[in-house]
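Descriptive structure summary
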Amino acid sequence: MKLLVLCVIIVANVSYNGKASLESFMPTANVLLADTTKNSDKSCQRPCKFNVKPRRCVYDFDIEPAIQENDIPAIMINGMTPGPPIHVCLNDVVIVKVKNKVPDQDLAMHWHGVEQKGTPYMDGVPMVTQCPVSYGSTYEYAFIASTPGTFFYHSNSVAHQSDGVYGSIIVDQPQPLEPHVSLYDYDRGEENTLMIAAKFPSLLTGIIEDLSQVLPTSLAINGNEDRSKLFVIPGYAYRLRLINAAAIECPLLLNVDRHDMMVIATDGKPVKPVSTRHVLLYPGERMDVVVRADQEAGGYWVRVHGRDKCSGLSASAMLLYSGFNYTAMLDEEPKTKNNLEPGAASIIYGQKLQYLRDSTNAAENVKSVYLGIDRNTVKFKDSDNDYRYLSDALPTKPFYPAELSTSNGVIQINGKNFLYPNTPMLLKPMDVKPDSICKVGEEEKHKQTQCVQVLKVEDKGEYELALVNEGFGSNDSYTFHLHGYSAEVIATWQNPNNLPISREDFHKLDKEGKIIRNERNAPLKDTFTVPNKGFTIIRIQPDRGGTWLLECRSCGLSSLPVAVIINVPLAIPKLVVDSLPKCGNYKPADVLLN
Ligand SMILES: *[C@@H]1O[C@H](CO)[C@@H](O)[C@H](O)[C@H]1NC(C)=O
Ligand SMILES: *[C@@H]1O[C@H](CO)[C@@H](O)[C@H](O)[C@H]1NC(C)=O
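In this report, we go over the structure that sits alongside the text.

About the thresholds
- Residues numbered from 1 in each chain as written.
- Chains lettered and ligands numbered in written order.
- Predicted model: local features only at pLDDT ≥ 70, side-chain atom pairs only at ≥ 80, totals over all residues.
- Heavy atoms only, no water.
- Helix = DSSP H or I, 4+ residues; strand = E, 2+ residues; numbered from the N terminus.
- Buried < 20%, exposed > 50% of the residue type's maximum accessible area, 1.4 Å probe, protein only.
- Contact = heavy atoms within 4.5 Å.
- Areas by Shrake-Rupley, 256 points an atom, 1.4 Å probe, with all protein chains shown as cover.
- Pairing = 2+ DSSP bridges.
- Axes fitted to C-alpha atoms, helices over the stretch in contact; angles between N-to-C directions.
- Disulfide = S-S within 2.5 Å.
- Core = buried A, V, L, I, M, F, W, Y, C linked by side-chain atoms within 4.5 Å.
- Salt bridge = Lys/Arg side-chain N within 4 Å of Asp/Glu carboxyl O.
- 1 Å grid on protein atoms, 1.4 Å probe; cavity = no way out; pocket = protein on both sides within 12 Å on 5 of 7 lines; lining within 4 Å.
- Points joined across faces, edges and corners; volume = space filled by probe spheres on them.
- Nonpolar A, V, L, I, M, F, W, Y, C, P; charged D, E, K, R; others polar.

**Some thoughts on the overall build of the chain**
The helix and strand tally for the chain stands at 8 helices and 33 strands. Relative to its full complement of 594 residues, the chain shows a buried share of 58%. Long-range pairs, those at least 24 residues apart, make up 78% of the contacts in the chain with a sequence separation of at least 6. Element-wise, carbon and sulfur atoms account for 51% of the exposed surface of the chain, whose accessible area totals about 24800 Å².

**Examining unusual backbone geometry**
The omega torsion of the bond from Thr81 to Pro82 falls at -5°, within 30 degrees of zero and hence cis. Assignment of secondary structure puts Pro82 in the loop between strand E2 (73–77) and strand E3 (86–89). In the Ramachandran plot, Asp267 falls in the positive-phi region, its phi being about 50° despite a non-glycine side chain. As for its position among the elements, Asp267 is in the loop between strand E14 (261–266) and strand E15 (269–276). Phi is positive for Asn498, close to 55°, though the residue is something other than glycine. The topology assignment puts Asn498 in the loop between strand E28 (487–494) and helix H6 (503–511).

**Regarding the sheet that holds E14**
With mixed pairing, 6 strands are arranged side by side in an open sheet as E10-E9-E12-E17-E14-E15. Looking along the sheet, the strands with just one partner apiece sit at the ends: strand E10 (218–221) and E15. Along the sheet, successive strands turn relative to each other by an average axial angle of 25°, direction set aside. Alignment of E14 against strand E17 (residues 286–292), held across 4 bridges, turns out to be antiparallel. What sits directly across from Ala265, in E17, is Asp288.

**Things to note about the pairing of E14**
Counting buried residues in E14 gives 5 out of 6 residues, a clear majority hidden from the surface. Across 5 bridges, the pairing between E14 and E15 is antiparallel. Bridging from a neighbouring strand, Val263 pairs with Val274 of E15. Between E14 and E15, which pair antiparallel in sequence order, lie 2 residues; one of them, Asp267, sits at a positive phi of approximately 50°.

**A look at the state of the cysteines**
In this structure the tally under the stated criterion is 6 disulfides. Each disulfide pairs two cysteine sulfurs, and for Cys438 the partner residue is Cys451, the sulfurs being separated by 1.9 Å. Note on the Cys438 and Cys451 pair: the S-S dihedral is about 60°, so by sign convention the disulfide is right-handed. Linking Cys438 in strand E24 (residues 437–439) with Cys451 in strand E25 (residues 450–456), this pair joins segments that are 13 residues apart in sequence. Given a relative accessible area of 2%, Cys438 falls into the buried group. Residue Cys451 is classed as buried on the basis of its relative accessible area, which comes to 0%.

**Here we look at the nonpolar core**
Grouped together as the largest cluster of nonpolar side chains are 43 residues, with contacts concentrated most on Leu219, Leu254, Val279 and Leu319. Here this core gets 4 residues from one element, more than from any other, and that element is strand E19 (residues 314–321). When sequence neighbours within four positions are dropped, the list of residues in contact with Val279 reads Leu242, Leu252, Leu253, Leu254, Met261, Val263, Met287, Val289, Ile347 and Ile348. With 42 residues, the next largest nonpolar core counts Cys44, Ile63, Ala108 and Leu570 among its residues.

**Thoughts on the pattern of salt bridges**
A complete count under the given rule lists 29 salt bridges for this structure. Across the pair Arg517 and Glu464 runs a salt bridge whose closest N-O atoms are separated by 2.6 Å. With a gap of 53 residues between them, Arg517 in the loop between H6 and strand E29 (524–525) and Glu464 in strand E26 (residues 463–469) connect regions that are remote in the sequence. Three or more residues joined by partner-sharing salt bridges are found here, namely Asp172, Glu178, Asp187, Arg239, Arg241 and Asp288.

**Observations concerning empty space enclosed by the protein**
Within the structure shown, the criterion is met by 7 cavities of 30 Å³ or more. The volume enclosed by the largest cavity comes to roughly 130 Å³. Together, 16 residues line the largest cavity, and Gln68, Ala74, Ser162, Asp163 and Lys199 are the ones closest to its centre. The element that contributes the greatest number of residues to the lining of the largest cavity is strand E9 (residues 193–199), accounting for 3 residues. When its residues are assigned to classes, the lining of the largest cavity shows 8 nonpolar, 6 polar and 2 charged.

Structure below.
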């Protein structure tokens with residue numbers, strides 16, 4: 001009982017004391033990590049109220065390969081893909097016991113968009129924030145649902161995520177706090193969530209050859225082969241939550257036949273509402289939209305069309321007015337209309353949106369960091385293959401196989417690929433081999449193709465990261481995900497003349513004052529696209545300690561890792577480090593005995 005009280009105090013600290021020091025954000029190990037309550041409530045989904053104690057929400061995830069009903073193998077969570085929805089109230093403590101039952105594989109679970117206030121070691125990046133979870137062992141994730149909105153979880157590995165390891169996270173708050181509550185009548189959580197993923201014909205997990213040519217063969221909405229159904233009552237408005245859960249470069253265009261959508265949030269953050277017929281979501285992006293059932297009663301198609309690596313693929317769900325007999329629709333294929341492709345100007349995507357409130361104070365002393373991204377051809381020798389990350393459970397398997405596609409080149413940031421550190425950098429910063437680290441902006445000092453690319457945040461204040469997709473070696477756009485923070489996406493641009501733009505060109509344009517920034521109401525996002533032969537500029541205030549990855553998720557299958565660690569120094573208390581699993585030495589008895 002004492003510990004429950006302590007837990008509540010800490011939660012209160014996080015949520016109400018904006019000026020609290022970092023130390024006070026740091027939960028003591030026994031609060032978050034140990035199961036201190038006998039009455040842990042497993043059904044945290046409930047209407048969220050003011051002035052009630054947050055709950056402790058416990059989920060058990062058994063991750064295991066299995067054959068789905070359609071005979072296609074998948075990696076499932078408790079026999080499901082997508083996995084169980086996590087649906088909690090603001091400030092609840094979420095505990096997820098992730099058990100790895102995937103033979104030969106290490107894994108880690110990332111909570112995409114969750115800020116991990118005070119728990120940077122729960123962010124789920126192997127060798128950066130934690131030791132990977134080896135086969136047969138369990139990692140107990142624990143974090144506070146500190147911001148409301150639509151999020152999702154997925155295995156850190158692009159292959160695991162593509163094979164099915166993902167699910168939704170919805171964090172609700174008391175209704176009166178929802179900024180757009182007046183725009184809709186119903187917010188039914190996962191019942192009105194469309195989580196869309198790209199499916200491959202066979203498991204990607206375990207393949208260590210070059211996967212760059214492997215393309216998905218279908219799109220799945222909520223994992224269904226049968227169509228998802230959204231039931232509506234005529235005249236009422238519904239909040240839908242859209243999640244692009246693809247792990248590859250698979251932008252998704254979505255529309256509801258004959259209905260407008262009012263976009264109210266992107267990546268869990270509220271925006272000025274915008275009405276549209278088409279929304280575009282990049283991999284990892286979320287969007288909340290309101291659809292009013294204001295058409296003639298009947299059944300309507302919700303259509304999803306893939307682009308880039310998913311081009312040619314489509315999927316559909318049904319929007320069904322109550323009382324409508326939709327039997328006939330079940331056997332129907334939604335007829336594709338000609339000229340379906342809408343004009344680019346009429347499509348709403350996250351970076352086009354404006355944050356709900358305008359900012360009044362201009363940023364001062366913004367420090368700029370330039371990241372040039374391109375596909376480069378690099379000469380590798382076989383001996384360059386990086387097999388350092390061996391799972392201790394099965395020493396013969398590489399953890400991060402270096403699938404080098406030398407003919408196509410590899411996607412790099414400032415001429416480097418990311419190297420996962422030899423030990424979790426957050427927990428044991430002094431044990432990371434110094435010669436494996438390269439500093440952002442000083443990459444040329446480092447000889448190897450791969451290095452632990454680190455942007456060390458040394459000063460307080462605002463940082464501006466200009467991601468320039470140079471486009472000399474590729475025509476691809478890339479989607480990036482920032483861990484731990486929402487960034488203001490203050491500019492995005494693509495060269496209309498289709499000419500490459502180097503990092504230096506960008507610098508020059510910037511010096512000449514030619515780069516226009518939205519400093520007033522830039523959308524807050526954790527996932528953003530960097531258009532080919534163009535750039536995206538983000539701003540963050542790195543005020544919370546941690547080793548936060550800025551990663552190109554969508555580069556995963558076609559390149560070596562493409563990422564930078566934003567290192568905001570933080571000494572993790574020894575008590576916490578000691579309470580976390582050690583790399584390789586936390587195998588449970590059944591693995592040792594078999
Ligand atoms: C619904 O429509 C199907 C044919 O499309 C018909 O067989 C069925 O009887 C209808 N159901 C009701 C309740 O009207
Ligand atoms: C990019 O597209 C242009 C034409 O638009 C083509 O000439 C060029 O070969 C493409 N580059 C790559 C790397 O595919």
